[in-house]
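# An overview of the molecular structure
What follows is each chain in one-letter form.
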Amino acid sequence: MVRLFGPLVGLFFAVALLWSFGNGAYNAATQPTPPTAEKLFHMHPKEVAFSFDGAFGTFDKAQLQRGFKVYQEVCSNCHSLKQVAFRDLAQLGYKEAEVKAIAKNWGNKAQTFDPKTGDRGDRPNLPSDHFPPVYYAGQGNPPDLSLIAKSRHGGAQYIHSLLTGYTDQAGYKNEAGEELLKKFPDAKTPDGLYFNPYFANLNLAMPQPLTSDGQVTYSDGTKATVDQMSMDVAAFLTWTAEPKLDKRKQTGWPVLGFLLAATVLAYLAKRNV
Amino acid sequence: MSFPWANEYKPTNPLMQWVDNRLPLPRFVYNAVGAGYPVPRNLNYMWNFGVLAGFALVLQIVTGVVLAMHYAANAGVAFDSVEHIMRDVNWGWMLRYAHANGASMFFIVVYTHIFRGFFYSSYKAPREMIWLLGVVIFLLMMATAFMGYVLPWGQMSFWGAKVITGLFSAIPLVGTPLQQWLLGGFAPDNAALNRFFSLHFLLPFVILGVIILHVWALHIPGSSNPTGVEVKQESDTVPFHPYYTAKDGFGLGIFLMVYCALVFFAPNLLGHPDNYIPANPLSTPAHIVPEWYFWPFYAILRAFTSDFMFIPAKLMGVLAMFSAILVWFFLPWLDTSPVRSGHYRPLFRKFFYLLVVDVLVLGYCGGAPAEEPYVMISQIASMYYFLHFLVILPIVSSVETPQPLPFSITEAVLGKDEHATLAPATPAVA
């Protein structure tokens, strides 16, 4: 029975697949799908190095503090950071008093609700509070940045590339030398959007956030170029997405060392048997 | 059942004798995975993967039970509760990464175990029942892994749930009501999340039960071996303990090193970034892809792009995807060659390696976006997949001339010397 019906079922699926394949090939030959602007002009993130790359990489606390400052002065106007608590900033090397002060002076206040009177109000943030929600008056919904580095292909490299990738669409050419607006006249960026070849569909709603050198004043004397600020905030957002990165790698090496020793012992035990 | 020369459990400690007389559990373990289980002496490292799969299941249960203590199965807070585990639960990040990558390791091990079975025809008589139970375990694993992936309630969780339950909507007449019944709504939401969590907690224990049957069935004929020649005499076997406990211990060490390298240094390598975006029913991801271990089957599902006769393409894809696994149930009767091991089957061996490449190609296409040339490649590869099991295998097994088999396992190991072939012939009890 199996030997009779088996080949029949197999041939049934094979013929159906051949039919799909034939239709697909016919369509591809008669009406080939034209390449899209996104396909030809979307850029992969720039290959830049970060201190936390690789199995030995760790966060650079000074860089994270600078990145936090960029977030505080620029990004936090529109983007929330709800998974992170003020107390977590102690991991960046801030003292307890500094964390308290940062929380207390944070622009958006913690929301309160009194169940007895029904009154809503606000109070200064405490270190135990998470970063408060951000009210955004414009159109759209700026994404929460807590996990942005882990939720995009390329992570920190992508953030850096996006922040430094804004460019004039007129005359923009890709690496193959094709000019976008000549090849796709319809692909002109609509009003209210901004052209950026590192963004998946080339046009994004966020205007260029880091526009000029010195936009943020670093307290450690580092020169705040746009490139420097974008690297710092990319590092900071990697920390917000993966705060345990250092601990994870520090734990990993002893674990692997122990397992290596145990495996060698197991191998010797096996040879012995 | 065992061979007559198996060691017998003889406790010397009076306490163990007392226990053995009342509940012979130590005797049971001794006979199952101890010195009382005679195993062919020629097993290679491919025979480590059964034990490793069992270990991976235990790892998943242990990490999973602890994760469940901190996770909240509610669509409103599930995503944040996972982030709470990652940030505020002591060592929570390690537990979660261990659980997520543990699933990947479980599948790597089980796929190797299954392909070991293909190459050495481990499914042939008298081991059909072991094989059938193994396919059941694999199906249960797929269901469990799918539901587990939904729990973090990220974008891929939500849309994966929508796509996979959508498969049932391809069934004529009852399809759409069936999908709504499975989800408890028109789209994945709190009801779906809650039942998936409940089932994700339950199914591993069902798997454990089927594994017990799988191992029980294994102990009836005993383990197969790389020559495919049955055990004939005492010199063909060695006791499981210490010979294979030691070998498995070494294999386990290698397994754990690969696993820990993933957990500690590349925990998100095998995941998809979109699952760190909270589920949003109003925003469809550009490419919905399942976890890597479903990619070969996902490629088969998507390979059917045209309606065939009166059958809609979607239904064809669903039928083919399920058939791709169900066909394994029939393997013992599709491959009728009397020779088991691929070592002695030159033609079969060539097609086996072709199948390995084919499944890897399918996996690659399943992870790629649904556009050309991946669709056409996966159509060709799916075609080979079905032809291999249902047409090529029966033909090969009837036309092929196998190479001569060794007389016994001992001869295969020690060569054809007098000592090996003239060993006192103890009749094996079948």
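Note that the structure is predicted; figures quoted are calculated from it, not measured. (Residues numbered from 1 in each chain as written. Chains lettered and ligands numbered in written order. Predicted model: local features only at pLDDT ≥ 70, side-chain atom pairs only at ≥ 80, totals over all residues.)

### Examining the overall build of chain B
Looking only at helices and strands, one finds 17 helices and two strands in chain B. Taking 430 residues into account, the globule formula puts the C-alpha radius of gyration at 22 Å, and chain B, at 24 Å, falls close to it. By principal-axis analysis of the C-alpha atoms, chain B measures approximately 75 × 60 × 40 Å. Relative to its 430 residues, chain B shows a buried fraction of 44%. Partitioning the intrachain contacts of chain B with sequence separation of at least 6 by distance along the chain shows that 76% fall at a separation of at least 24. (Helix = DSSP H or I, 4+ residues; strand = E, 2+ residues; numbered from the N terminus. Rg over C-alpha atoms; globule rule 2.2 N^0.38 Å. Buried ≥ 20, exposed ≤ 12 C-beta atoms within 10 Å, placed from the backbone. Contact = placed C-beta atoms within 7 Å.)

### Brief notes about the overall build of chain A
Counting its secondary structure elements, chain A contains eight helices and four strands. Each helix and strand of chain A, ordered N terminal to C terminal, gives the series α-α-α-α-β-β-α-α-β-β-α-α. Taking 19 Å as the expected radius of gyration for a compact globule of 273 residues, we find that chain A reaches 27 Å, considerably beyond that expectation. Once the C-alpha set of chain A is aligned to its principal axes, its extents read approximately 80 × 75 × 50 Å. By residue count, 30% of the 273 residues in chain A fall in the buried class.

### Thoughts on the domain arrangement of chain A
Partitioning chain A into structural domains gives domain 1 (37–46 + 54–84 + 130–242) and domain 2 (247–273). Put simply, the middle of domain 1 of chain A and the middle of domain 2 of chain A, counted by C-alpha atoms, are 42 Å apart. (Domains from an automatic or database assignment.)

### Regarding the interface of chain A and chain B
Counting residues at the interface gives 44 residues for chain A, matched by 47 residues for chain B. Those elements that place two or more of their residues in the side of chain A that touches chain B are helix 1 (2–30) and helix 8 (245–272) of chain A. It is helix 1 of chain A that contributes the most residues to the side of chain A that touches chain B, 19 residues altogether. Broken down by class, the residue content of the side of chain A that touches chain B amounts to 26 nonpolar, eleven polar and seven charged. (Nonpolar A, V, L, I, M, F, W, Y, C, P; charged D, E, K, R; others polar.)

### Considerations on the UniProt feature "domain: Cytochrome c" (unreviewed entry) in chain A
Feature annotation in UniProt assigns "domain: Cytochrome c" (unreviewed entry) to the following positions: residues 62–241 of chain A. From the first C-alpha to the last, residues 62–241 of chain A spans 18 Å; its make-up is 29% helix and 7% strand. (UniProt positions renumbered as here; feature names shortened; annotations may be inferred.)

### Details of the packing of helix 6 (residues 128–150) of chain B against helix 7 (residues 155–166) of chain B
Residue and element names in this part refer to chain B. At a minimum axis separation of 8 Å, helix 6 and helix 7 run at an interaxial angle of 140 degrees. The orientation of helix 6 relative to helix 7 falls into the category oblique. Contacts between helix 6 and helix 7 pair Phe-146, Tyr-149 and Val-150 from the former with Ser-157, Gly-160, Ala-161 and Ile-164 from the latter. Across the contact of helix 6 with helix 7, the residue classes tally to five nonpolar, two polar and no charged. (Axes fitted to C-alpha atoms, helices over the stretch in contact; angles between N-to-C directions. Parallel < 35°, antiparallel > 145°, perpendicular 65-115°, else oblique.)

### Considerations on the domain arrangement of chain B
All names here are of chain B. Segmenting chain B into domains produces domain 1 (42–288) and domain 2 (295–399). Domain 1 and domain 2 are separated by 22 Å when their C-alpha centres are compared. In this assembly, 20 residues from domain 1 lie in contact with 17 residues from domain 2. Of all elements in the fold, only helix 5 (92–119) and helix 6 reach the threshold of two or more residues within the side of domain 1 that touches domain 2. In the side of domain 1 that touches domain 2, the residues fall into 13 nonpolar, five polar and two charged.

### Things to note about the UniProt feature "binding site: heme c" (unreviewed entry) in chain A
Residue and element names in this part refer to chain A. On the UniProt side, "binding site: heme c" (unreviewed entry) is annotated at positions that read Cys-75, Cys-78, His-79 and Met-206 here. Of the residues just listed, which span 132 residues, no C-alpha pair is farther apart than 10.8 Å, and they cluster in one region. Ignoring sequence-local partners within four residues, the contact set of Cys-75 consists of Val-70, Leu-145, Pro-209 and Val-233. Inspection of the secondary structure assignment puts His-79 in the loop between helix 3 (61–73) and helix 4 (96–105).

### Some words on helix 1 of chain A
For helix 1 of chain A, which comprises 29 residues, the first-to-last C-alpha distance of 41 Å matches the rise-based estimate of 42 Å (1.5 Å per residue) to within 8%. Along helix 1 of chain A, the residues that are buried comprise Gly6(A), Gly10(A), Phe12(A), Phe13(A), Ala16(A), Leu17(A), Ser20(A) and Phe21(A). As for helix 1 of chain A, its buried residues are in contact with helix 11 (295–303), helix 12 (313–326), helix 13 (331–334) and helix 15 (374–399) of chain B. (Expected span 1.5 Å × (residues − 1).)

### Points about the UniProt feature "binding site: heme b b562" (unreviewed entry) in chain B
Residues and elements named next belong to chain B. Mapped onto this numbering, the UniProt entry gives "binding site: heme b b562" (unreviewed entry) at His-99 and His-200. In summary, the annotated positions, though distributed over 102 residues, converge in three dimensions, the widest C-alpha pair being only 12.8 Å. For His-99, the location among the structural elements is in helix 5. Accessibility expressed as a C-beta count within 10 Å gives 20 for His-99, which makes it buried. Apart from the residues lying within four places of it in its own chain, the contact partners of His-99 are Gln-60, Thr-63, Gly-64 and Leu-67. Positionally, His-200 belongs in helix 9 (residues 190–219). Beyond its immediate stretch of four places on either side in the chain, His-200 contacts Thr-144, Met-147, Gly-148 and Leu-151.

### Brief notes about the nonpolar core
Grouped together as the largest cluster of nonpolar side chains are 101 residues, with contacts concentrated most on Ala53(B), Phe106(B), Val109(B), Ile300(B), Ala320(B) and Leu362(B). Top contributing element to this core by residue count: helix 5 of chain B, with 13 residues. Looking at which domains feed residues into this core, each of domain 1 (42–288) and domain 2 (295–399) of chain B gives three or more. Those residues in contact with Leu362(B) that lie beyond four places of it in its chain are Pro296(B), Ala299(B), Ile300(B), Ser378(B), Ala381(B), Ser382(B) and Tyr385(B). Core analysis: the next-biggest nonpolar cluster, separate from the first, contains 44 residues, Val84(A), Tyr158(A), Ile159(A) and Phe195(A) among them. (Core = buried A, V, L, I, M, F, W, Y, C linked by C-beta atoms within 7 Å.)

### Topic: the environment of Leu326(B)
Residues and elements named next belong to chain B. Structurally, Leu-326 can be placed in helix 12. The exposure class of Leu-326 is partly exposed, given the 13 C-beta atoms found within 10 Å. Taking the C-alpha atoms as reference points, Leu-326 and Val-136, 190 residues apart in sequence, are found 9.5 Å from one another.

### Some words on unusual backbone geometry
Phi is mostly negative for residues that are not glycine, and the peptide bonds are mostly trans. Residue and element names in this part refer to chain B. Of the consecutive residues His-241 and Pro-242, the connecting peptide bond is found in the cis state with omega at 10 degrees. Within the secondary structure, Pro-242 is located in helix 10 (residues 240–265). With an omega dihedral of 5 degrees, the bond running from Glu-372 to Pro-373 counts as a cis peptide bond. Looking at where Pro-373 falls in the secondary structure, it is placed in the loop between helix 14 (346–367) and helix 15. The backbone of Trp-91 sits at a positive phi, close to 60 degrees, despite the residue not being glycine. Within the element layout of this structure, Trp-91 appears in the loop between helix 4 (78–87) and helix 5. Located in the positive-phi region is Leu-173, a residue other than glycine, with phi close to 65 degrees. Relative to the helices and strands, Leu-173 resides in the loop between helix 7 and helix 8 (175–183).

### Observations regarding the UniProt feature "domain: Cytochrome b/b6 C-terminal region profile" (unreviewed entry) in chain B
On the UniProt side, "domain: Cytochrome b/b6 C-terminal region profile" (unreviewed entry) is annotated at positions that read residues 230–407 of chain B here. In residues 230–407 of chain B, the share of helix is 57% and the share of strand is 2%. The end C-alpha atoms are 10 Å apart.

### Focus: the confidence of the model for chain B
Mean pLDDT for chain B: 93, with 96% of residues reaching 70 or above. Throughout residues 420–430 of chain B the model reports pLDDT below 50, and contacts reaching past four residues in sequence, or to other chains, amount to 20 contacts. (pLDDT = per-residue confidence, 0-100.)

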